[in-house]
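Working through the structure, step by step
If you want the building blocks of each chain, they are given just below.
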Amino acid sequence: MAHAGVELVSKYELEENENICSNQEMQYKKLILFAGNDFLGLSRHPTIAKATAKAAMEQGTGPRGSPLICGYTNYHMALESSLAKLKKKEACLLCTSGFGANMAVMVAIGSIVPVMCESEGRRPTKEEKVAVFSDALNHASIFDGLKLADRLGGVELFVYKHCDMSHLDALLTNCKNKRKVVVTDSLFSMDGDIAPMGELAQLRKKHGFLWVLDDAHGTFVWGKNGGGLAEEFNCEYDVDISIGTLSKAASSLGGFVTCSKIWKQWIQSRGRSFIFSTIAPVPLAAASYASVVVAKKESWRRREIRNRMKELHALTGIPVRSQIVCVMIGDMMQAIKANHELLESGFYCVAVGPPAVAPNTARLRLTLTAVHTSEDIRRLVAIISKYVQFQVSSSSDCSNYISPRL
């Protein structure tokens, strides 16, 4: 009888939830999304949906455990292999999230010297530590990972000015530590600007550092095959460790690290966010694998994003360096008004203001996708232009703002 009671309650709750959802559908209208990370528009792709459903029917939906215990399956192996091939690396390590992937890598780097000194019963000297050079605007997961690495006593942290290669070069030149690591986002998520990949590759040749690249916003969107910004700028083999996410352009969930086999083994053994996290369920692994295949094959989706970038620049004159664009408003109340009018007109984007950004630099953050249309861009700009005075040249050319491979 106890089981029957539970069954009746569950059925009642299900009916109530269905009624709530039905009422909500009546109250709300559909919006064109200019704030999400589904850059390629794969979230409703039939091939990916079928792969997910097939895996769920055959294998179930629940996670089986952490990857080192019992969670790792042939589905995860196939996904890792496809990502390693995409990034032109020996190996790949799946993580629960992109945040967790960055944390695992930073902690693994911070563990190297302490483990070496542990057998001697001493702590590392300042010069023995790994000198890590991090861009000032790197993702929070990188800085949080470096804080943990610092507590292990294995790293010496240097923060260089955002995308300032002269400052980075000077810091590297003056650093006495033998072990050096440079870590940077490839595409910075708030302003949409791209790291100077070519200059970083040249500095790597000069100083011999380990290059760690967080390509979360570049993977699948940039490069001929969707290999990311390292592929776009022809420096895939200069990047030693490439970190990515499956939660953005792949329209799935999870993170990954591509690297050498030795680095994979080390991160597996020392990356606590990897070791103590449950791996993605099989249906999500199947979905991610299908996304890798589709993203590589349907290159027209990347071209469509570039077309929307060109159109937005032509209509506004603002720099459009990537699929993430910030439209500066200045006053926060004006940004809120603009955001409200966009909502009323059927568009959803995000108004960003203090304390996330400096005072008087409130902005609208837009994300462009392969499924946006030219008409979507024109209508969006028509509304925003009420709040921003765009300077449009008659010969607008966005070649200064986007990759030369376009």
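Residues numbered from 1 in each chain as written. Predicted model: local features only at pLDDT ≥ 70, side-chain atom pairs only at ≥ 80, totals over all residues. Heavy atoms only, no water.

Some remarks on the packing of aromatic side chains
The cut-off we apply is this: Ring pairs shown here join Phe, Tyr and Trp side chains whose ring centres sit within 6.5 Å, with only the six-membered ring taken for Trp; geometry is labelled stacked below 30 degrees between planes, edge-to-face above 60, and tilted in between. Starting at the N terminus, helices and strands are each numbered in turn, a helix being any DSSP run of H or I of at least four residues and a strand any DSSP run of E of at least two. When a residue's accessible area, from a 1.4 Å probe over protein chains only, is under 20% of the maximum for its type it is buried; when over 50% it is exposed; and in between it is partly exposed. Throughout this description, the term charge over a ring refers to an Arg CZ or Lys NZ atom that lies within 6 Å of the ring centre and within 35 degrees of the ring normal.
Counted under the stated rule, the structure contains two aromatic pairs. Ring centres 5.9 Å apart and planes at 55° place the aromatic pair F34 and F347 in the tilted group. A residue pair is termed long-range when its members are at least 10 positions apart, and F34 in the loop between β1 (32-33) and α2 (46-59) and F347 in strand β10 (residues 347-348) qualify at 313 residues. Like F347, F34 is buried. Note on F133 and F158: the rings are 4.9 Å apart at their centroids and 15° apart in plane angle, and the pair reads as stacked. Taken together, the residues span a long stretch of sequence, with F133 in strand β3 (residues 130-135) and F158 in strand β4 (residues 155-160) at a distance of 25 residues. Looking at R306, its charged tip hangs above the ring of W222, at a distance of 4.1 Å from the centre.

Some remarks on the confidence of the model for the protein
Rules: As a per-residue measure, pLDDT reflects the predictor's confidence and takes values from 0 up to 100. We call two residues contacting when some pair of their heavy atoms lies within 4.5 Å.
Looking at the protein, pLDDT values average 90 and 90% of them are 70 or higher. Scored below 50 in pLDDT, residues 1-14 makes zero contacts in the model with residues more than four places away or belonging to other chains. Across residues 395-406 the pLDDT falls below 50, and counting only partners more than four positions away or on other chains, this stretch makes 22 contacts in the model.

A short note on the pairing of strand β7 (residues 241-245)
Taken residue by residue, a regular strand's side chains alternate between the two faces of the sheet. Definition in use: One requirement defines pairing of two strands: DSSP has to find at least two bridges between them.
For β7, the buried fraction is high: five of the five residues fall into the buried class. Of the two faces of β7, the one carrying I241, I243 and T245 and the one carrying S242 and G244 are both buried. The pairing of strand β6 (residues 210-214) with β7 spans three bridges and is parallel. Across the sheet, residue V212 finds its bridge partner in β7, namely I241. As paired elements, β7 and strand β8 (residues 255-259) share four bridges and run antiparallel to each other. Bridged to S242 within β8 is T258.

Notes on the sheet that holds strand β12 (residues 362-367)
Paired through backbone hydrogen bonds, the strands of a sheet run either parallel or antiparallel to each other. Cut-off, in case you're wondering: Think of each axis as a best-fit line through the C-alpha atoms, taken over the contacting stretch in the case of a helix, with angles from 0 to 180 degrees between the N-to-C directions.
If you trace the three strands from one edge of the open sheet to the other, you get β9-β12-β11, paired in antiparallel fashion. Of all strands in the sheet, those bounded by a partner on one side alone are β9 (324-330) and β11 (350-352). When strand polarity is set aside, the average angle formed by the axes of neighbouring strands in this sheet is 30°. When β9 meets β12, the two strands line up antiparallel, connected through six bridges. Bridge pairing in β12 links G330 to A362. In this fold helix α14 (residues 332-344) packs onto β9, β11 and β12, with an angle of close to 35° to the strand it touches most, β12.

Observations concerning the UniProt feature "domain: Aminotransferase class I/classII large" (unreviewed entry) in the protein
Just so we agree on the cut-off: UniProt positions are given in the numbering used here, feature names are shortened, and annotations may be inferred rather than shown by experiment.
Sequence positions flagged by UniProt for "domain: Aminotransferase class I/classII large" (unreviewed entry) are, in local numbering, residues 30-384. Across residues 30-384 one finds 45% helix and 16% strand; the C-alpha atoms that close the span lie 20 Å apart.

Overview of the side chain of T258
Here T258 shows up in strand β8. A residue is classified by how much of its surface remains accessible, and T258, at 0% relative accessible area, is buried. Once you skip the residues sitting within four places of it in the chain, T258 turns out to touch L83, A84, K87, K89, A91, C92, D240, I241 and S242.

Concerning the sheet that holds β3
An order of β2-β8-β7-β6-β5-β3-β4 is seen for the seven strands of this open sheet, with the pairing classed as mixed. Of all the strands in the sheet, just β2 (91-95) and β4 have a single pairing partner and so form its edges. Strand-to-strand twist of the sheet, defined as the mean angle between neighbouring strand axes without regard to direction, takes the value 20°. Here β3 runs beside β4; their pairing, made up of six bridges, is parallel. Within the sheet, the bridge partner assigned to S134 lies in β4 and is V159. Here helix α8 (residues 197-207) sits on the sheet and contacts β4, β5 (180-185) and β6; the angle it forms with β6, its principal contact strand, is near 160°.

Things to note about empty space enclosed by the protein
Worth spelling out the cut-off: Think of a 1 Å grid over the protein atoms and nothing else: a 1.4 Å probe that fits but is trapped marks a cavity, an open set flanked by protein within 12 Å on at least five of seven lines marks a pocket, and residues with an atom within 4 Å of a point count as lining. Grid points are joined across faces, edges and corners, and a volume is the space filled by probe spheres set on the points.
On inspection of all chains with the given rule, the structure shows three cavities of 30 Å³ or more. The space that makes up the largest cavity amounts to roughly 70 Å³. Forming the walls of the largest cavity are 14 residues, and the residues nearest its centre are L94, C95, L246, L253 and A280. Looking at the lining of the largest cavity, the elements that each hand over two or more residues are α4 (74-86), β2 and α12 (282-297).

Observations regarding the environment of I48
By secondary structure assignment, the location of I48 is in helix α2. Overall, the relative accessible area of 6% leaves I48 in the buried class. Note: C-alpha distance between I48 and I383 (335 residues apart in sequence) is 35 Å.

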